[in-house]
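# Analysis of the macromolecular model
So the chains spell out like this:
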Amino acid sequence: MTSLELPTSLDAALGRSGEPRAGGTDLTERRRLHLSRGTVVDLRDVPGLDAITWREGQLHLGALVTLAAVAEHPDVRARYPAVAATAASIATPQIRARATVGGNLLQHVRCWYYRRPGADCLKSGGSGCPARTGDHLFHACFDLGPCVAPHPSSLATALLAHDVRVEVAGDREHTLASLYGDASDARRQHMLPPGALLTGVGLGPPLAAEQAAYVRATSRARAEWPLVEVVARLVLAGDQLQTARVTVGGVANLPLRLGAVEALLVGKPAKPETLAAAAAVAADGAKPLAGTAYKLDLLRGAVLDALERALAQPPTQAAPPAPAPT
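This report concerns the structure included in the present document. This is a predicted model, so every value here is computed, not measured.

### Regarding the overall build of the protein chain
Scanning the protein chain from N- to C-terminus turns up 12 helices and 11 strands. In terms of overall dimensions, the protein chain is globule-like: its C-alpha atoms have a radius of gyration of 20 Å, near the 20 Å expected for 326 residues. Viewed in the frame of its principal axes, the protein chain has a C-alpha envelope of about 65 × 65 × 35 Å. Long-range pairs, those at least 24 residues apart, make up 64% of the contacts in the protein chain with a sequence separation of at least 6. Only carbon and sulfur atoms are counted for the fraction: they give 54% of the accessible area of the protein chain, which is about 14,500 Å².

### Points about a nonpolar patch on the surface
A cluster of nonpolar side chains, namely Trp112, Leu137, Phe138 and Tyr294, defines an oily patch on the protein surface of about 340 Å² accessible area. Assignment of secondary structure puts Phe138 in the loop between α7 (101–106) and α8 (154–160). The class for Phe138 is partly exposed, based on a relative accessible area of 33%.

### Digging into the packing of aromatic side chains
All chains considered together, the criterion is met by 2 aromatic pairs. Relative to Phe138, the ring of Trp112 has its centre 5.8 Å away and its plane inclined at 65°; by these criteria the two rings are edge-to-face. Of the two residues, Trp112 is situated in the loop between α7 and α8 and Phe138 in the loop between α7 and α8; the sequence distance between them amounts to 26 residues. For Trp112, a relative accessible area of 33% corresponds to the partly exposed category.

### Some details on the packing of helix α11 (residues 272–279) against helix α12 (residues 294–311)
The interhelical angle for the contact between α11 and α12, taken along N-to-C directions, is 145°, at an axis separation of 8 Å. Pair α11 / α12 crosses with right-handed handedness. Mapping the contact onto sequence places Leu275, Ala276 and Ala279 in α11 and Arg300, Val303, Leu304, Leu307, Glu308 and Leu311 in α12. Per-class residue counts for the contact of α11 with α12 are 7 nonpolar, no polar and 2 charged.

### Considerations on the pattern of salt bridges
Summed over the entire model, instances satisfying the criterion amount to 21 salt bridges. Two residues, Asp45 and Arg44, come together in a salt bridge whose shortest N-O distance is 3.4 Å. Accessibility expressed as a relative area gives 56% for Arg44, which makes it exposed. A salt bridge links Arg132 to Asp143; the shortest N-O distance between them is 2.8 Å. Note that Arg132 is positioned in the loop between α7 and α8 and Asp143 in the loop between α7 and α8, a separation of 11 residues in sequence. One network of salt bridges, with partners in common, ties together Glu19, Asp26, Glu29, Arg30, Arg110 and Arg115.

### Here we look at empty space enclosed by the protein
To locate leftover empty space, one rolls a probe as large as a water molecule over the atoms. Inspection of every chain in the model, using the stated rule, returns 1 cavity of 30 Å³ or more. Roughly 80 Å³ of internal volume is contained in the largest cavity. Considering the residues around the largest cavity, the lining is formed by 15 residues, among which Cys111, Cys121, Cys129, Pro130 and Cys147 are closest to the centre. Of the residues in the lining of the largest cavity, the class split is 12 nonpolar, 2 polar and 1 charged.

### So, the sheet that holds strand β6 (residues 164–169)
What the 4 strands build is an open sheet, ordered β4-β5-β7-β6; its pairing is antiparallel. A single partner strand is all that each edge strand has here, and the edge strands are β4 (52–55) and β6. Here the average twist between neighbouring strands, direction ignored, is 25°. Pairing between β6 and strand β7 (residues 197–203): 6 bridges, direction antiparallel. Residue pairing across strands places Val164 opposite Leu203, the latter belonging to β7.

About the criteria used
- Residues numbered from 1 in each chain as written.
- Predicted model: local features only at pLDDT ≥ 70, side-chain atom pairs only at ≥ 80, totals over all residues.
- Heavy atoms only, no water.
- Helix = DSSP H or I, 4+ residues; strand = E, 2+ residues; numbered from the N terminus.
- Rg over C-alpha atoms; globule rule 2.2 N^0.38 Å.
- Contact = heavy atoms within 4.5 Å.
- Areas by Shrake-Rupley, 256 points an atom, 1.4 Å probe, with all protein chains shown as cover.
- Patch = residues over 30% accessible without salt bridge, like charges linked within 9 Å, V, L, I, M, F, W, Y side chains within 5 Å.
- Salt bridge = Lys/Arg side-chain N within 4 Å of Asp/Glu carboxyl O.
- Buried < 20%, exposed > 50% of the residue type's maximum accessible area, 1.4 Å probe, protein only.
- Phe/Tyr/Trp six-rings, centres within 6.5 Å; stacked < 30°, edge-to-face > 60°.
- Axes fitted to C-alpha atoms, helices over the stretch in contact; angles between N-to-C directions.
- Left-handed = near helix turned anticlockwise from the far one by under 90°.
- Nonpolar A, V, L, I, M, F, W, Y, C, P; charged D, E, K, R; others polar.
- 1 Å grid on protein atoms, 1.4 Å probe; cavity = no way out; pocket = protein on both sides within 12 Å on 5 of 7 lines; lining within 4 Å.
- Points joined across faces, edges and corners; volume = space filled by probe spheres on them.
- Pairing = 2+ DSSP bridges.

Given below as structure tokens:
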């Protein structure tokens, strides 16, 4: 029988041995597959984790904020449009109404070997990665470590394009890079210690007059995991690209920032040939598996699409002014 704990404060939730439950959309399936056992620590009654608020010019998303709330919030849509668009593209309306910011960032990989009872998978306690020599059609084309399952969090791809602080109770504050590590330890889904809780993320101030877009390529139109996904954030100064941030998901066991693409954009005119030259290097450094080489062309095309769509968007609003001191 499952033991359920319902702490009513953050302090009471910390340090517990059970697995935390936010929306439960991933945990419920893993319980059914016996990948998660023992006590469930449900965070539903912990106050203060389900709000979207401005703090000193930064937008804060609590860990229990649903993806639907992120997608629909007027401040996210107006000032962080790529984050809103990413959240709106995940799964189905029913799942977005339950799935949370914290749960999406910390969900487990969706590899069919990891989720198949008895498979010899590193992440489920085995000794290898059966996807490498098995069915890996939807897996990584950037081979960064022992596990080749693509990172499952679309929201992480969007947040990587922003200056994000990951707030954690029971551990230090993290960046996305330190939250996920370098992919060398395939047995871990993230780097939080047992008993710690992700409580929210703080997004850096929106760039003045930025233009942003999110693009995903999938094998079917709706309710599908992305084969490739791209977030592009651009700032123009006249007709020159002053700032560029391009991040991608679905291609590695971590969300990636494409520095080479960004370098070919910054300081260049916002012309089709500039965008095409930058997109052409999007797959540089990739080491595809036998069945994932098709993702290289898909990635280049998705990056170009995201850049073009970003430049077609209206400039975003700046952060709201801080309230006057009382």
